[in-house]
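Each chain is listed here by its residues.
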Amino acid sequence: TTIFATQKTLMAAAGAMDTPLMKQYNAIKAKYPGALLLFRVGDFYETFGQDAVTASQVLDITLTKRGNGSASEIELAGFPHHALDSYLPKLVRAG
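Values in this document were obtained by computation on a predicted structure and should not be read as measured data. (Residues numbered from 1 in each chain as written. Predicted model: local features only at pLDDT ≥ 70, side-chain atom pairs only at ≥ 80, totals over all residues. Heavy atoms only, no water.)

1. A short note on the packing of aromatic side chains
Inclusion rule: Any pair of Phe, Tyr and Trp rings, taking the six-membered ring for Trp, is counted once the centres come within 6.5 Å. Such a pair is stacked with planes under 30 degrees apart, edge-to-face with planes over 60 apart, and tilted for the rest. Numbered from the N terminus, helices here are DSSP runs of H or I no shorter than four residues, and strands are runs of E no shorter than two. Here's how the labels work: a residue is buried when its accessible area is under 20% of the maximum for its type, exposed when over 50%, partly exposed in between, all with a 1.4 Å probe on protein chains only.
Per the counting criterion, the structure on display carries four aromatic pairs. Judged by centre distance (5.8 Å) and plane angle (80 degrees), the rings of tyrosine 25 and phenylalanine 39 are edge-to-face. Residue tyrosine 25 is found in helix α1 (residues 20-31), and its partner phenylalanine 39 is found in strand β2 (residues 36-41); the two are separated by 14 residues along the sequence. Residue phenylalanine 39 is classed as buried on the basis of its relative accessible area, which comes to 0%.

Shown next as structure tokens:
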């Protein structure tokens, strides 16, 4: 299952990481723990944590980290929003 979210349409909620973006992400991910969450951030769909690891492998995109070296370091992988039509079918086929 793939769930879409836009930063502008979400309410901030408590989460493990301190940024409002990650609080929003974690609140949605907690509701749908088995789904790969594509989180719209500006012109990109971003994935975090294990979702980023999975997306990077399935989509053959770069896996990096948000907050490198900090206590809140987390894996990150994303792609431009205009590429959704090419990446989404790959995610769906991968299950």
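Having seen it, we continue.
2. Describing the pairing of β2
Inclusion rule: For two strands to pair, DSSP has to find at least two bridges joining them.
Pairing of β2 with strand β3 (residues 44-48), which is carried by three bridges, proceeds in the antiparallel orientation. Counted as the bridge partner of valine 41 is phenylalanine 44 from β3. Linkage of β2 to β3, two consecutive antiparallel strands, is achieved through a turn of two residues, within which glycine 42 is found at a positive phi near 60 degrees.

3. A few points about the pairing of β3
Counting buried positions over the five residues of β3 gives four, a clear majority of the element. Pairing analysis gives five bridges linking β3 to strand β5 (residues 74-80), with the strands arranged antiparallel. Following the sheet pairing, threonine 47 is matched in β5 by alanine 77.

4. Some remarks on the pattern of salt bridges
Which entries qualify depends on this criterion: Think of a salt bridge as a Lys or Arg side-chain nitrogen and an Asp or Glu carboxyl oxygen that are within 4 Å of each other.
The tally for this structure, following the rule as stated, stands at two salt bridges. The partner of aspartate 51 in a salt bridge is lysine 29, and the shortest N-O contact between them spans 2.8 Å. Taken as a pair, aspartate 51 in helix α2 (residues 50-59) and lysine 29 in helix α1 lie far apart in primary sequence, 22 residues in all. Like aspartate 51, the residue lysine 29 is buried in the burial classification.

5. A closer look at the environment of threonine 54
Locating threonine 54 in the fold gives a position in helix α2. Looking at threonine 54, the relative accessible area reads 29%, which means it is partly exposed.

6. A short note on helix α3 (residues 84-94)
Put simply, the rule reads: The arc refers to the directions leading from the helix axis to the C-beta atoms.
Regarding α3, the residues found buried are Leu84, Tyr87 and Leu91. One side of α3 carries all its buried residues, which in axial view fall inside an arc of 80 degrees. Facing away from the buried surface of α3 by more than 90 degrees, the exposed residues are Asp85, Val92 and Arg93. Taken from the residues just after α3, glycine 95 is the one with a positive phi, measuring 90 degrees.

7. Some words on the nonpolar core
Inclusion rule: Nonpolar core, defined: a set of buried Ala, Val, Leu, Ile, Met, Phe, Trp, Tyr and Cys residues in which side-chain atoms within 4.5 Å join the residues together. Any two residues whose heavy atoms approach within 4.5 Å are treated as being in contact.
Membership of the largest hydrophobic core comes to 13 residues, with the highest contact counts inside it found for Leu38, Leu59, Ile61, Phe79 and Tyr87. When residues of this core are traced back to their parent elements, those giving at least two are β2, α2, β5 and α3. Among all residues touching tyrosine 87, those that are not within four sequence positions of it are Leu59, Ile61 and Phe79.

In short, the description is geometric, and any link to function would need to be established separately.
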